[in-house]
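Breakdown of the fold
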Amino acid sequence: MSNHHSPVILIVDDTPVNLLLLTQLLAGQGYDVRPVTQGTVALAAARTIRPDLILLDIRMPDIDGYAVCQELKADPETSHIPVIFVSALDDTDDKVRAFECGGVDYVTKPFQPAEVLARVRTHLALAQARAALEMANHELQQALAREAALARIDWLTGVYNRSHFYELATHELAIAIRYDQPLAICMFDIDHFKQVNDRYGHLIGDQVLRAVAQTAARQIRAADCIGRFGGEEFILLLPNTNVTSALLLAERLRMAIAGLYINTEKGEIRVTISGGVTERQPADTLIERLIDRADQALYAAKRQGRNCVVGV
């Protein structure tokens, strides 16, 4: 309900004198009143006008107010519109049925103008509060979703952080064990990264980390994932991949990084990576064992002179 327009009230009553009374009373308060005399017309009007409130007579010749209200409540487009029943019968059965059908309130004829206005004001205010609450709730859900996403991402490089990578890798290992599928891990880091930081400063170092991470993220396949393990070290999770295929992927990645010219304000920078690759063995019940072996293979690649990949 917007603040710029006066609330729209649909009045449904087959008695012209009642319709006139209610219309004058509510229009006099600045409400935008739409009067109709039939239940079927009321349903069509509710869907097109989307009123903020409906005043609905119970006794009508074509379909009674209860049936109209039930139809309104059954349609998601109109179910949120508050319905106040109007009846000449001050009869408790009518009241009970009115609330059971989804009405929010009940007014009896002959009308007390002050009472009608008070009830209308109350239910318009409640509907507005409910709409505001739903909006706030929706915004909160979105904020929580954003926060959850941020909690999984390494803020500097945009790839998964270490803890979320562990979570994914543990899950994938369980799947690989259950279905007896291969699973490979590749650990790689940027060669002589300390020299980059010392020579160009940390801001340029950060730029290099980002460029390497994003290049790696583009090289891997949809089912694979990449995490930042710490400092200049990254880790790849390669489901349903054996060590031979993983070595091919790691080698392709090594070449992509070696061919990268990173444009910085201190000129073009080129770096290389060393990588270690391993695959799941029958004894590997914990992901840490795979990660440790990949780490050892990475150290072997360093000892071999860097800018290469080693598989174990």
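The notes below deal with the structure included here. (Residues numbered from 1 in each chain as written. Predicted model: local features only at pLDDT ≥ 70, side-chain atom pairs only at ≥ 80, totals over all residues. Heavy atoms only, no water.)

**A short note on the overall build of the protein chain**
- Scanning the protein chain for helices and strands turns up 10 helices and 12 strands.
- Relative to the globule expectation of 20 Å for 312 residues, the C-alpha radius of gyration of the protein chain, 34 Å, shows a markedly less compact shape.
- The principal-axis extents of the C-alpha atoms in the protein chain amount to approximately 100 × 50 × 25 Å.
- Sorting the 312 residues of the protein chain into buried and exposed places 45% on the buried side.
- Across the protein chain, contacts joining residues at least 24 apart in sequence account for 65% of those joining residues at least 6 apart.
- Accessible surface, the protein chain as shown: approximately 16200 Å² in total, 54% of it carbon and sulfur.
- Placing the 31 positive and 39 negative side-chain charges of the protein chain at their respective mean positions leaves the two points 9 Å apart. (Helix = DSSP H or I, 4+ residues; strand = E, 2+ residues; numbered from the N terminus. Rg over C-alpha atoms; globule rule 2.2 N^0.38 Å. Buried < 20%, exposed > 50% of the residue type's maximum accessible area, 1.4 Å probe, protein only. Contact = heavy atoms within 4.5 Å. Areas by Shrake-Rupley, 256 points an atom, 1.4 Å probe, with all protein chains shown as cover. Lys, Arg positive; Asp, Glu negative; His and termini not counted. Charge placed at Lys NZ, Arg CZ, Asp CG, Glu CD.)

**Thoughts on the nonpolar core**
- The biggest cluster of nonpolar side chains holds 33 residues, and the ones touching the most others in it are Phe188, Ile190, Val208, Val212, Phe234, Leu236 and Val271.
- Among all residues touching Val271, those that are not within four sequence positions of it are Ile190, Val196, Val208, Val212, Ile257, Ala258 and Ile262.
- With 21 residues, the next largest nonpolar core counts Val36, Met60, Val83 and Ala98 among its residues. (Core = buried A, V, L, I, M, F, W, Y, C linked by side-chain atoms within 4.5 Å.)

**Quick look at the pairing of strand β5 (residues 105–108)**
- Here β5 shows a buried face lined by Asp105 and Val107 and a second buried face lined by Tyr106 and Thr108.
- Relative to β5, strand β4 (residues 83–87) runs parallel, the two being bridged by four bridges. Its bridge partner being in β5, Ser87 is matched across the sheet by Thr108. (Pairing = 2+ DSSP bridges.)

**A look at the packing of aromatic side chains**
- For the structure shown, the criterion picks out three aromatic pairs.
- Ring centres of Tyr166 and Phe229 lie 6.1 Å apart, and the angle between their planes is 40°; on these two criteria the pair is classed as tilted. With Tyr166 in helix α6 (residues 162–179) and Phe229 in strand β7 (residues 225–230), this pair connects stretches of sequence that are 63 residues apart.
- A relative accessible area of 9% means that Phe229 is categorised as buried. (Phe/Tyr/Trp six-rings, centres within 6.5 Å; stacked < 30°, edge-to-face > 60°.)

**Remarks on the sheet that holds β5**
- Reading across from one edge, β2-β1-β3-β4-β5 is the order of the five strands in this open sheet, with parallel pairing throughout. The open sheet has two free edges, formed respectively by β2 (32–36) and β5, since each of these has just one partner strand. Pairs of neighbouring strands in the sheet enclose a mean axial angle of 20°, with direction left out of account.
- Its contacts with the sheet place helix α5 (residues 113–152) against β1 (8–12), β3 (53–57), β4 and β5, and it is angled at close to 165° to β5. (Axes fitted to C-alpha atoms, helices over the stretch in contact; angles between N-to-C directions.)

**Details of the environment of Pro51**
- By the secondary structure assignment, Pro51 is in the loop between α2 (39–49) and β3.
- With relative accessibility at 4%, the residue Pro51 sits in the buried group.
- Note: C-alpha distance between Pro51 and Arg34 (17 residues apart in sequence) is 8.7 Å.

**Things to note about the pattern of salt bridges**
- Under the criterion given, the structure shown has 16 salt bridges.
- Note that Asp57 is salt-bridged to Lys109, the shortest N-O span being 3.4 Å. Note that Asp57 is positioned in strand β3 and Lys109 in the loop between β5 and α5, a separation of 52 residues in sequence.
- The buried category is assigned to Lys109, whose relative accessible area is 15%.
- Ionic contacts of the salt-bridge type, sharing partners, join the residues Asp13, Asp57 and Lys109 into one network. (Salt bridge = Lys/Arg side-chain N within 4 Å of Asp/Glu carboxyl O.)

**Focus: the packing of α6 against helix α10 (residues 287–303)**
- Contact geometry for α6 and α10: axes closest at 9 Å, N-to-C directions at 110°. In terms of orientation, α6 lies roughly perpendicular with respect to α10. Contacts between α6 and α10 pair Tyr166, Ala169, Thr170 and Leu173 from the former with Ile287, Glu288, Leu290 and Ile291 from the latter. (Parallel < 35°, antiparallel > 145°, perpendicular 65-115°, else oblique.)

**Some details on the packing of helix α8 (residues 202–219) against helix α9 (residues 243–258)**
- At a minimum axis separation of 10 Å, α8 and α9 run at an interaxial angle of 140°. As summarised for this structure, α8 and α9 are arranged oblique, according to the angle between their axes. Of the two elements, α8 crosses α9, and the hand of that crossing is right-handed. Residues Val212, Thr215, Ala216 and Gln219 of α8 touch α9, and the partners they reach there are Arg252, Leu253, Ala256 and Ile257. (Left-handed = near helix turned anticlockwise from the far one by under 90°.)

**A word on the state of the cysteines**
- The tally for this structure, following the rule as stated, stands at zero disulfides.
- Free cysteine Cys225: the closest other cysteine sulfur is in Cys186, separated by 12 Å.
- Judged by its relative accessible area of 10%, Cys225 is buried. (Disulfide = S-S within 2.5 Å.)

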